[in-house]
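Below are the chains, spelled out letter by letter.
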Amino acid sequence: TYTLTVDNAGPSLADNVVVTDSIPAGITFMSASNGGAYNPSTREVTWSLGNNFPLGQTQLTVQATVDTPASGTISPITNTATVTSTTTDPNPNNNTDDKEIVPLQADLAVFKVVNDPTPNVGDTILFGIGAANFGPDEATSVVVNDLLPAGVSYVSHQIQDAPAGSSYVPGTGVWTIGTLNTADFPVLLIEATVDAPATPGIPPTVTNTATITGREYDPDPSNNTDSVSETPQYADLEVTKQVSDAAPNVGDTITYTITVTNNGADTATGVTLLDTLKDLTGLQIVGTPQANFGTEDQGTG
């Protein structure tokens, strides 16, 4: 709201008094008091206050909205008002006045990392989300939206170096920061477990995205979103078994050959093969099992 004060310091009444307020680029006219008429072509508000304008002060107001710039940072916006009259004015130097506004702007940014981009299903991983304000002004009503996607399940969270009252709601993924100064760098840590696929198959890549918003104009929205992905490891284990003679005579020695293959994309760890030959009647193990990889225990199979 701009307030214009028209002052007739006398000593005479003023005739044909006209007040003009120029609406600059960067703001949009909304309304004017006291019958002020707006001309969109000239972007001017005009009040015709007539003859016998009295001594003393009269106030006029103009309301306007601050526009979002087409691109880049916001420049100062200057609004100028002028009063004229056909009555001689001994001091024309004060017939014009202007007021400058500089809209607030805060370049918010969010950063996201994961401690293990290739975990195993069932592992607990840690997502880290950092929020920053590159200014130039203080940011208010700052919120980061980070709802965990399908494929991981929330375990716990921790907030570090955040303003008092900062909170995270796992069910909605809303991290309320509040006021963020240019020297602040709060961090949200989210622990999550890697879920098994709902149906058998290769575990899908899971992408977790965080987005930051604030009340002030952000001159660089390109850094308002950040994502990290985790791809669970998988190892498609296969076992095949062959026998040297499927129709032997009693007393013959036969050889079983067991082959273990990993058809997956990743190295398999903690692999164990159980063979129950020792528990079968009609067979007796002779010799020592031979393996070209790992170790074997004849007692446990």
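So, here is what we can say about the structure in this document. These numbers come from a predicted model, not from an experiment.

At the junction of Gly10 and Pro11, the peptide bond is cis and its omega measures out at 10° in the coordinates. The backbone phi angle of Asn16 is positive, close to 50°, even though this residue is not glycine. Relative to the assigned elements, Asn16 resides in the loop between strand S1 (2-8) and strand S2 (17-22). Look at Asn34: it is not a glycine, yet its phi comes out positive at around 55°. Taking the relative accessible area as the measure of exposure, Asn34 reaches 53% and is therefore exposed.

Pairing between side chains becomes possible if they bear opposite charge and their charged atoms approach one another. Counted under the stated rule, the structure contains two salt bridges. The shortest N-O distance in the salt bridge between Asp275 and Lys241 comes to 2.5 Å. Within this pair, whereas Asp275 is found in the segment after strand S19 (256-262), its partner Lys241 is found in strand S18 (residues 237-243), the two being separated by 34 residues in sequence.

Glancing now at the sheet that holds S1. Taken together, the three strands give an open sheet; going across it, the order is S1-S6-S3, and neighbouring strands pair in antiparallel fashion. Two strands in the sheet have a free side with no partner beyond their single neighbour: S1 and strand S3 (27-32). With direction set aside, neighbouring strand axes in the sheet form an average angle of 30°. Pairing geometry for S1 and strand S6 (residues 56-66), over seven bridges, is antiparallel. Note on S6: the bridge partner recorded for Asp7 is Gln57.

If you walk across this open sheet you meet the five strands as S13-S14-S11-S16-S17, and the pairing is antiparallel. This sheet does not close on itself; its edge strands, each paired only once, are strand S13 (167-169) and strand S17 (225-230). Here the average twist between neighbouring strands, direction ignored, is 15°.

Further remarks concern the packing of aromatic side chains. Considering all chains together, one arrives at two aromatic pairs under this definition. Aromatic pair Phe29 and Tyr38: ring centres 4.3 Å apart, planes at 15°, arrangement stacked. Measuring from ring centre to ring centre gives 6.2 Å for Phe111 and Phe185, while their planes differ by 45°; the resulting arrangement is tilted. Here Phe111, found in strand S9 (residues 106-114), pairs with Phe185, found in the loop between strand S14 (174-180) and strand S15 (187-194); they are 74 residues apart in sequence, far enough to count as distant. Above the face of the Phe127 ring, Lys112 is positioned so that its terminal group lies 5.2 Å from the ring centre.

Within the secondary structure layout, Asp97 lies in strand S8 (residues 96-101). Residues Asp97 and Asp21, spaced 76 residues apart in sequence, show a C-alpha to C-alpha distance of 9.7 Å. Aside from chain neighbours lying at most four places away, what touches Asp97 is Asn79, Thr80 and Ala81.

Let's shift gears to the nonpolar core. Counting residues in each nonpolar core, the largest one holds 25 residues, and the members touching the most others are Phe127, Ile129, Val144 and Trp175. Put simply, the parts of the chain that give this core at least two residues each are S9, strand S10 (124-136), strand S11 (139-145), S14, S15 and strand S16 (206-213). With near-sequence residues (within four places) excluded, Val144 lies in contact with Val110, Ile129, Ala131, Gly173, Val174, Trp175, Ile177, Ala210, Thr211 and Ile212. Val17, Phe29, Val45 and Phe53 belong to the second-largest nonpolar core, a separate cluster that totals 16 residues.

A cluster of nonpolar side chains, namely Leu237, Val239, Ile258, Val260, Val271 and Leu273, defines an oily patch on the protein surface of about 480 Å² accessible area. Breaking the nonpolar patch down by element, the ones donating at least two residues are S18 and S19.

Moving on: the environment of Gln63. You can see Gln63 is positioned in strand S6. Along the sequence, Gln63 and Leu108 sit 45 residues apart, while their C-alpha atoms lie 29 Å from each other. Beyond its immediate stretch of four places on either side in the chain, Gln63 contacts Thr1, Thr28, Phe29, Met30 and Ser31. A polar contact is formed between the side chain of Gln63 and the side chain of Thr1, at a distance of 3.3 Å.

Definitions and limits used
Residues numbered from 1 in each chain as written. Predicted model: local features only at pLDDT ≥ 70, side-chain atom pairs only at ≥ 80, totals over all residues. Heavy atoms only, no water. Helix = DSSP H or I, 4+ residues; strand = E, 2+ residues; numbered from the N terminus. Buried < 20%, exposed > 50% of the residue type's maximum accessible area, 1.4 Å probe, protein only. Salt bridge = Lys/Arg side-chain N within 4 Å of Asp/Glu carboxyl O. Pairing = 2+ DSSP bridges. Axes fitted to C-alpha atoms, helices over the stretch in contact; angles between N-to-C directions. Phe/Tyr/Trp six-rings, centres within 6.5 Å; stacked < 30°, edge-to-face > 60°. Lys NZ or Arg CZ within 6 Å of the ring centre and 35° of its normal. Contact = heavy atoms within 4.5 Å. Core = buried A, V, L, I, M, F, W, Y, C linked by side-chain atoms within 4.5 Å. Patch = residues over 30% accessible without salt bridge, like charges linked within 9 Å, V, L, I, M, F, W, Y side chains within 5 Å. Areas by Shrake-Rupley, 256 points an atom, 1.4 Å probe, with all protein chains shown as cover. Polar contact = N/O pair within 3.5 Å; in protein donor to acceptor, adjacent residues only side chain to side chain.

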